[in-house]
Protein chains: 2
Amino acid sequence: MAKHIVIYDTTLRDGMQGIEINYTLEDKILIAKKLDELGVDYIEGGFPLSNEKEAEFFKRIKKEKLTTAKVVAFGSTRKPGKKATGDAHIEALLDAQTEAVIVVGKSWIKHVTDVLRTSPEENLEMIYDSISYLKSEGREVFFDPEHFFDGYKDDPDYAVKTLQAATEAGASCLVLCDTNGGTLPHEVSEIIGALPKEKLAPIGGHFHNDTGNAVANSLMAVLAGATHIQGTINGWGERCGNANLCSIMPNLMYKMGYKLTCGDRIKTLTSVSRFVAEKANIIPDKRQPYVGEAAFSHKAGQHVDVLIKAEELMEHMDASLVGNKRRIILSELAGKSTLVKKLSKYGEFTKDSPEVAKLTELLKEKENEGFEYEAAEASFELLILQVLGLYKPLFSLENYHLESFKTGRADSKTLGKLFLTVEDTEVMGASVCIGPVETLDAALRDALGEKYPFIKEISLIDYRVRVLNPEDATAAKVRVFISSRNHVGETWDTVGVHKNIIEASWQALVDSYEYYYNTYVINR
Amino acid sequence: MAKHIVIYDTTLRDGMQGIEINYTLEDKILIAKKLDELGVDYIEGGFPLSNEKEAEFFKRIKKEKLTTAKVVAFGSTRKPGKKATGDAHIEALLDAQTEAVIVVGKSWIKHVTDVLRTSPEENLEMIYDSISYLKSEGREVFFDPEHFFDGYKDDPDYAVKTLQAATEAGASCLVLCDTNGGTLPHEVSEIIGALPKEKLAPIGGHFHNDTGNAVANSLMAVLAGATHIQGTINGWGERCGNANLCSIMPNLMYKMGYKLTCGDRIKTLTSVSRFVAEKANIIPDKRQPYVGEAAFSHKAGQHVDVLIKAEELMEHMDASLVGNKRRIILSELAGKSTLVKKLSKYGEFTKDSPEVAKLTELLKEKENEGFEYEAAEASFELLILQVLGLYKPLFSLENYHLESFKTGRADSKTLGKLFLTVEDTEVMGASVCIGPVETLDAALRDALGEKYPFIKEISLIDYRVRVLNPEDATAAKVRVFISSRNHVGETWDTVGVHKNIIEASWQALVDSYEYYYNTYVINR
């Protein structure tokens, strides 16, 4: 029987310490439901003492009837020299009315003496009292000894004593925490390996990524005997982040053969990752292991021929196991076999099909103009639809006209107007904004909004510009990429190329709307 | 004596396989120079056989006289059934005229039989012949057995035979490559631990990040006996990237006590990381270990009080050891000693000089607006001149007005006019071009050309745009960098920030001309 590892998510508590991350209460509820669907064992919902929003989460989540995950409230041991009963931290934990709670405490002697300014013995009492009181109130209690690894290196006997105090008080797991994130994988092995585990409650691990090793540290902890791992979706958290559950879960399950509660539901991992990114308002990391857009990408050419012959020789696993997709990246080197593969979802094609020849020709032409589809698959999909005669344009442009002006005393503005023909009707749009691309987009939305309400589902989330022939400086051709996202968090990328940055942006903008129209809206 | 580990950078070869990464030849030269300043041991410059640009790099870099790093050309073993002499791959390696070369070969038996479609014996001959011929031509040769770890798991005896063939042929290092990126840290330990290392050339490691463990795998390889590690700056490379040298180097040096050639020069690591990001036109990852903007960030409050009391209780290391800065979020402190250093060419200043206080204030204000001077020192120089009262403006702007238009039948054009006051005289400029920045530049040159003939010495050689708050999409603030060059090849960089890309470009454009005027022309 494969050993079972408990997955404990702290996206909503420790993850909230990350720069630029600030989930609303509504976001937190939605993320918790996604995590429950994914099948994590525990969801740390927040620090109820810290503010109203945190406390409110626990009331709201009770109504959601999660089916897999237990919600956990986070707090710390009681204050020195006081009782656990009536302590603000402890009472806030009880008020959260969760099945489980986690109590952070000190295990590094220097933190006891220099930060808490109390005695080593009193700290042990604080751990024991806090946990045993919470246990007596019917809670499952986890102990989170902060700075455990630094503490162990400094004074192993005392660090172990804190674990013993928590064990005696009835903690159901001792989640060793690398608070500063400076511990390396071999040290995790050695330290967990040396603990008197037979005398202790089960061991868990909570790692930060300050040395780039949070994932490896989690795996090493499991190999050394830990049965509970804490982390966050996308690895976001304070400083360099927490251990990334999007890497740890597939590593444990598919590479190391452990059993996770999620089972097959791990196939939602990619969509959970992107959902959290959308709520965090952070562009998903394309290079992220397992769930990133580029995680299973391959450059075209001979490489792809091998891939078609024998996948297991070129890929470390099947992308669909985590709900991701293989991507055949297009480039000047694109072989016909790549194009056949790309076309396969529209029917049966071979290297000799006229559509493949036509697409090859078109691709070559576009790439000569400076288009690049590697990071703009949505624009490439539109080319395929054109070649297959399936493409439906949204409108035809009559003209656009933008005016940007600035005086010595007043800041710049841009005024835009455009005329389109939409299914034989002439429509116009107008707008005044600051920059030209923003102005064009607003005018286009103004023109199309009434006829095509789906436009409101789309937001443009990234805009990148690259100069193709910098030696021509400001007269150079530019390539613009736009990333778009819909209301449910799906993203796509489009490209435009022109010597005029405005026209290049216009192309990428129109491609974004047309791609969405052709692939999402028409088939609804 | 601490053991020495060789650092081999492949940013310019394997790193180029990363999505969205495409360095120009000029970028590659500049990056190689930065890597040399940092003090890596080897720089893999490219794959000379693949195209002209790659081959050209090796000619250009010879003229740069690197002081620390050796340049390496990348290629593969000879074709089956042919001789090494005259083989296109091998000859391209020799033509690159580098001191060292790296030869990729097969070590997974299935790749030999199913991809190469040759015999196990012939593959060993290919490895032996290729390496011994390159050795006989005076090159230092590294062997890169691709898919080594998968190959070893499948058929350890054959995988080891390929290493023996390379050793016998005179390879100076066997760089075990985890091509698919699916190998975990404990497997790296076990496999390298089991190799008959006493009969083999020194071992190296080349890891990919598909499981999120490329850094840990590199450290585990070193602990198991490897003495050579390959990686890229920022970990960018194919799919999820290569092992990140920005994490590996400080881990090896500061956490594990190994000796690296760079020594103290590791303090430039943060600036090298950001320089490469700028050239790749990728937003630097704030959460990146060691070199990210958030790597040593602390939220204000109690946490910071502890930090002030005892840094070693809250931080895993001193940020300045890698050239990064601690950031106290909410009250950021500018590095006064850096500013004193910057000002020193204009006179004697100390941390208490009023000019330093004024510059600190101005810098903080500008950085809050989104300006960044790390890659735009010319714009920063103009700030210094302003603070010192030495700045001489070229002109004052009365107004500019641009019109960009396009019809359904005709391509886009932009028409521009501007009015300036130059030394009490009103001058105007006008132009018709395609894009708005080109049009503004042409109108500006039209207005200034007669009065300031030096304008003709300047050409704008690069133009880069970065969106600062992509969540606002087309309404986001953009930062524009312009690189300029004069008639004798000196270059400088300027920056502009605005929600209107045209205005941001205008700022960077004006800064470029004013910087040249103030620092080159006035003192002639």
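What counts as what
- Residues numbered from 1 in each chain as written.
- Chains lettered and ligands numbered in written order.
- Predicted model: local features only at pLDDT ≥ 70, side-chain atom pairs only at ≥ 80, totals over all residues.
- Helix = DSSP H or I, 4+ residues; strand = E, 2+ residues; numbered from the N terminus.
- Buried ≥ 20, exposed ≤ 12 C-beta atoms within 10 Å, placed from the backbone.
- Contact = placed C-beta atoms within 7 Å.
- Axes fitted to C-alpha atoms, helices over the stretch in contact; angles between N-to-C directions.
- Parallel < 35°, antiparallel > 145°, perpendicular 65-115°, else oblique.
- Left-handed = near helix turned anticlockwise from the far one by under 90°.
- Nonpolar A, V, L, I, M, F, W, Y, C, P; charged D, E, K, R; others polar.
- Pairing = 2+ DSSP bridges.
- UniProt positions renumbered as here; feature names shortened; annotations may be inferred.
- Expected span 1.5 Å × (residues − 1).
- Arc of directions from axis to C-beta.
- pLDDT = per-residue confidence, 0-100.
- Core = buried A, V, L, I, M, F, W, Y, C linked by C-beta atoms within 7 Å.
- Right-handed = clockwise from strand over helix to strand, strands pointing away.

> An account of the overall build of chain A is needed here, citing residue identities and associated values.
Counting its regular elements, chain A contains 17 helices and 16 strands. Its C-alpha atoms give chain A principal-axis dimensions of about 80 × 60 × 45 Å. Across the 524 residues that make up chain A, the buried fraction comes to 55%. Nonlocal contacts in chain A, meaning residues at least 24 apart in sequence, comprise 68% of its contacts between residues at least 6 apart.

> Residues and numbers for the packing of helix α5 (residues 120-136) of chain A against helix α7 (residues 156-169) of chain A, please.
All names here are of chain A. Taken N-terminus to C-terminus, the directions of α5 and α7 make an angle of 25°; their axes are 8 Å apart at the nearest point. Classified by the angle between their axes, α5 and α7 sit roughly parallel to one another. α5 and α7 meet at a crossing whose hand is right-handed. Between α5, through P120, L124, I127, Y128, I131, S132 and K135, and α7, the contact on the second element is made entirely by Y158, K161, T162, A165, A166, E168 and A169. Of the residues assigned to the contact of α5 with α7, the class counts are nine nonpolar, two polar and three charged.

> An account of the sheet that holds strand β13 (residues 425-433) of chain A is requested, with residue identities and associated values reported.
Read across the sheet, six strands follow the order β13(A)-β12(A)-β11(A)-β11(B)-β12(B)-β13(B) without closing on themselves; strand pairing throughout is antiparallel. At either end of the open sheet lies a strand with only one pairing partner, and these are β13 of chain A together with β13 (425-433) of chain B. Here the strands of the sheet are splayed against their neighbours by 5° on average, with no regard to which way each runs. Looking at chain direction, strand β12 (residues 413-422) of chain A and β13(A) are connected through nine bridges and run antiparallel. Note on β13(A): the bridge partner recorded for K417(A) is A430(A). Each of β11 (396-407) of chain A together with β11 (396-407), β12 (413-422) and β13 of chain B is contacted by helix α17 (residues 436-448) of chain B, which is oriented at about 145° to β13(B), the strand it contacts most.

> Could you give an account of the UniProt feature "domain: Pyruvate carboxyltransferase" (unreviewed entry) in chain A, with specific residues and numbers?
In the numbering adopted here, UniProt assigns the feature "domain: Pyruvate carboxyltransferase" (unreviewed entry) to residues 5-270 of chain A. Its end C-alpha atoms 20 Å apart, residues 5-270 of chain A is made of 42% helix and 17% strand.

> Give me the lowdown on the interface of chain B and chain A, citing residues and values where you can.
Taken together, the contact between chain B and chain A spans 89 residues of the former and 91 residues of the latter. When residues in the side of chain B that touches chain A are grouped by element, the largest group, twelve residues, is from β11(B). Considered class by class, the residues forming the side of chain B that touches chain A number 37 nonpolar, 32 polar and 20 charged. Bridge count for β11(A) against β11(B) is nine bridges, and the pairing is antiparallel. The residue bridging Y400(A) from the neighbouring strand is K406(B), located in β11(B).

> An account of the environment of V222(B) is needed here, citing residue identities and associated values.
Residue and element names in this part refer to chain B. For V222, the location among the structural elements is in helix α9 (residues 214-223). The class for V222 is buried, based on 24 C-beta atoms found within 10 Å. Separated by 83 residues in sequence, V222 and R139 place their C-alpha atoms 25 Å apart.

> Kindly report on α7(A), identifying the contributing residues and their values.
Residues and elements named next belong to chain A. Helix length check: α7 (14 residues) gives 20 Å between terminal C-alpha atoms against 20 Å at 1.5 Å per residue, within 8%. Among all positions of α7, only A159, T162, L163, A165, A166 and A169 are buried. Looking straight down α7, one finds that the buried residues subtend no more than 155° of arc, so they occupy a single side. Summarising the contacts, the buried residues of α7 are in contact with β4 (100-106), α5, β5 (140-146), α6 (148-154) and β6 (173-178). Two residues or fewer after α7 comes G170, characterised by a positive phi angle close to 105°.

> I'd like a rundown of unusual backbone geometry, residues and numbers included.
The general pattern is negative phi for most residues beyond glycine and trans for most peptide bonds. Residues and elements named next belong to chain B. One non-glycine residue, Q97, lies in positive phi territory at about 50°. A residue is classified by how many C-beta atoms lie within 10 Å of it, and Q97, with 13 of them, is partly exposed. If you check the backbone angles, Y290 has positive phi at about 65° while not being a glycine. With respect to the helices, strands and loops of the structure, Y290 is situated in the loop between α11 (269-280) and β9 (297-298). For Y290, a count of 29 C-beta atoms within 10 Å gives the class buried.

> I'd like to hear about the confidence of the model for chain A, residue by residue, with values.
Mean pLDDT over chain A: 91, with 95% of residues reaching 70 or higher. Here the complex is predicted with pTM 0.76, and the ipTM for its interfaces comes to 0.78.

> Give me the lowdown on the sheet that holds strand β8 (residues 228-231) of chain B, citing residues and values where you can.
Two orientations exist for strands paired in a sheet by backbone hydrogen bonds: parallel and antiparallel. Here we have eight strands rolled up into a closed barrel, ordered β1-β2-β3-β4-β5-β6-β7-β8 (chain B), and parallel in their pairing. The average angle at which neighbouring strand axes cross in this sheet is 25°, direction not considered.

> Go over the nonpolar core with me, naming the residues and quoting the values.
In terms of nonpolar packing, the biggest core is built from 289 residues, with M249(A) and M249(B) touching the most fellow members. Not counting residues up to four positions away in its chain, the partners in contact with M249(A) are I7(A), L260(A), C262(A), I266(A) and L269(A). Judged by nonpolar contacts, the second largest core, of five residues, contains V356(B), L359(B), L363(B) and V387(B).

> Break down helix α3 (residues 88-95) of chain B for me, with residues and values.
Residue and element names in this part refer to chain B. Of all the residues in α3, the buried ones are I90, A92 and L93. Seen along its axis, α3 keeps its buried residues to an arc of 160°; they face one direction. Looking at the packing, one finds that the buried side of α3 touches β3 (70-76), β4 (100-106) and α5 (120-136). Just downstream of α3, Q97 is the residue with a positive phi angle, here 50°.

> Lay out the pairing of β5(A) in plain terms, naming residues and giving numbers.
Residue and element names in this part refer to chain A. The buried fraction of β5 amounts to six of the seven residues, a majority that puts the element mostly inside the structure. Taken together, the seven bridges between β4 and β5 define a ladder with parallel strand orientation. Looking at the pairing, I102 lines up with F142 of β5. Pairing between β5 and β6: two bridges, direction parallel. Of the residues in β6, the one forming a bridge with F142 is C173.

> Report on the pairing of strand β7 (residues 203-207) of chain A, specifying residues and quantitative values.
Residues and elements named next belong to chain A. Along β7, five of the five residues are buried, which leaves the element largely enclosed by surrounding structure. Taking every second residue as pointing to the same face, both faces of β7 are buried, with I203, G205 and F207 on one and G204 and H206 on the other. Here five bridges tie β6 to β7, and the two strands are oriented parallel to one another. Along β7, the bridge assignment pairs L174 with I203. Taking the sense of rotation as the criterion, the β-α-β connection linking β6, helix α8 (residues 185-194) and β7 turns out right-handed. Remark: the β7/helix α9 (residues 214-223)/strand β8 (residues 228-231) crossover connection has right-handed handedness.

> Would you mind going over the packing of helix α8 (residues 185-194) of chain B against α9(B) in detail, with residue names and values included?
Residues and elements named next belong to chain B. The interhelical angle for the contact between α8 and α9, taken along N-to-C directions, is 25°, at an axis separation of 8 Å. Viewed along their axes, α8 and α9 adopt a mutual orientation that is roughly parallel. As for how α8 packs across α9, the hand of that crossing is right-handed. Within the contact between the two elements, α8 uses P185, V188, S189 and I192 and α9 uses A216, N217, M220, A221 and L223. Along the lines of polarity and charge, the residues of the contact of α8 with α9 split into seven nonpolar, two polar and no charged.

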